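# Summary of structural features
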Amino acid sequence: MLKRKFGWTGVEIPVIGQGTWMIEGSSSQRRRGVDALRLGLDLGMTHIDTAEMYGSGIVEEEIVAEAIEGRRDEVFLVSKVLPSNASYEGTIRACEQSLRRLKTDWLDLYLLHWPGAYPIAQTMHAMEKLVSDGKLRFIGVSNFCLEELKAAEEALSTQRLACNQVLYHLSDRAIELHLLQYCTEQGIAVVGYSPFGHGNFPSPRSSAGQVLEEIAKQHGRTSRQVALNFLTRHPNTFTIPKARRFKHVRENSEAAGWTLTDKDLAAIENAFPVPKDDTPLNMI
Ligand code: NAP
């Protein structure tokens, strides 16, 4: 699995990680979720993204905790605090609850899930305290536009933002307008979420879908692999597809470490253009 430096932190992590939103499914599917994540770890997708919100704690407690049991040191573990919990005290409490559910003493990265009503300084200062207490390695945000990101940076006094996790798939490339460039200049890693549009991937029957199919055929790959490869072509981007099916986990793990040609890139640019300049950052 191709790895790259996670922004200014210098920590090398795989360009393709694993999402966990809605991985819980029914109770019989939970075991499958655990096994899928463990297979992903075996294949090098050691960046696991979760959140207190996912399954109201069930994903952390019953799926991720079990998947990482006995192999915590291999994993770059990320969780998120809900904006409604993100007061100073609430952030500390939420983090401690996530640690308890995940059965670990530390998170590699903790994110504010999206901008909320609490002043950003409260959340950032709580996260700084959690770093100084050894409960977090790095802190970051999610779904922050440029202005919000700058405000979060200004609110910090002892730490730097390590990450902005944002929506990024072929049909939503708004981050390429300004945000990606700013984050790269600041050494803030950009993790793109919902790389398959949260289950809304271009149909092979559509003309844009056919462009992907054609490129995939030439490389002996699949359209999904072409998409993930394209979404991680920039040296400051990472992606976190969610997959419960083993076939999907394997397919995703083989999406990096090979290169799309200039002709391929131009064809994808044409089929899935960057939106016009004033397009806001979307959330799924
Ligand atoms: P996604 O990864 O875009 O799509 C997931 C869907 O794609 C699932 O139905 C999955 O099926 C399917 N899939 C995965 N690999 C496939 C493959 N190789 N071929 C065909 N289908 C495949 O959706 P997402 O879960 O919204 O996004 C990924 C992760 O990003 C989340 O799980 C979460 O960790 C994170 N996220 C963060 C935010 C945020 O606000 N920060 C928001 C949304 C998501 P199976 O599961 O059946 O294999």
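Here is a short report on the structure shown in this document. Starting afresh in each chain, residues are numbered from 1 along the sequence in its written order. Per-residue local features of the predicted model are confined to residues with pLDDT of at least 70, and side-chain atom pairs are confined, for both listing and counting, to 80 or more; whole-chain, interface and lining totals are unaffected and use all residues. The basis for every side-chain value is the complete set of non-hydrogen atoms in the structure, without hydrogens or water.

### Here's the deal with the pattern of salt bridges
Within this document, salt bridges are pairs made up of a side-chain nitrogen of Lys or Arg and a carboxyl oxygen of Asp or Glu, the two lying within 4 Å of each other. Under the defined criterion, the tally for this structure stands at 17 salt bridges. For the salt bridge of Arg71 with Glu74, the shortest nitrogen-to-oxygen distance reads 3.0 Å. Between Asp108 and Arg137 there is a salt bridge, with the nearest N and O atoms lying 2.8 Å from each other. Highlighted residues: Asp108 in strand β5 (residues 107-112) and Arg137 in strand β6 (residues 136-142), separated in sequence by 29 residues. Under the scheme applied here, a residue whose accessible area is under 20% of the maximum for its type counts as buried, over 50% as exposed, and between as partly exposed, the area being computed with a 1.4 Å probe on protein chains only. Residue classification places Asp108 among the buried positions, given a relative accessible area of 2%. Given a relative accessible area of 36%, Arg137 falls into the partly exposed group. Here the salt bridges share partners, and the residues they tie into one network are Arg173, Glu176, Arg233 and Glu269. Helix and strand labels come from DSSP, where a helix needs a run of H or I of at least four residues and a strand needs a run of E of at least two; each type is numbered from the N terminus.

### Digging into the sheet that holds strand β9 (residues 237-239)
Pairing is parallel in the open sheet, where seven strands are placed in the order β3-β4-β5-β6-β7-β8-β9. Sheet topology places β3 (47-49) and β9 at the edges, where each strand pairs with a single neighbour. Within this sheet the neighbouring strands show an average axis-to-axis angle of 30 degrees, counted without direction. Strand pairing is assigned whenever DSSP detects at least two bridges linking the two strands. Here β5 pairs with β6 via five bridges, running parallel. Considered in β6, the bridge of Leu107 is made with Leu136. Relative to the sheet, helix α4 (residues 120-132) contacts β4 (76-81), β5, β6 and β7 (161-167), its axis offset from that of β6 by approximately 160 degrees. Axes, fitted as lines to C-alpha atoms, cover a helix only where it is in contact. Angles between the N-to-C directions of the axes lie from 0 to 180 degrees. A contact between two residues is defined here by any heavy atoms of the two lying within 4.5 Å.

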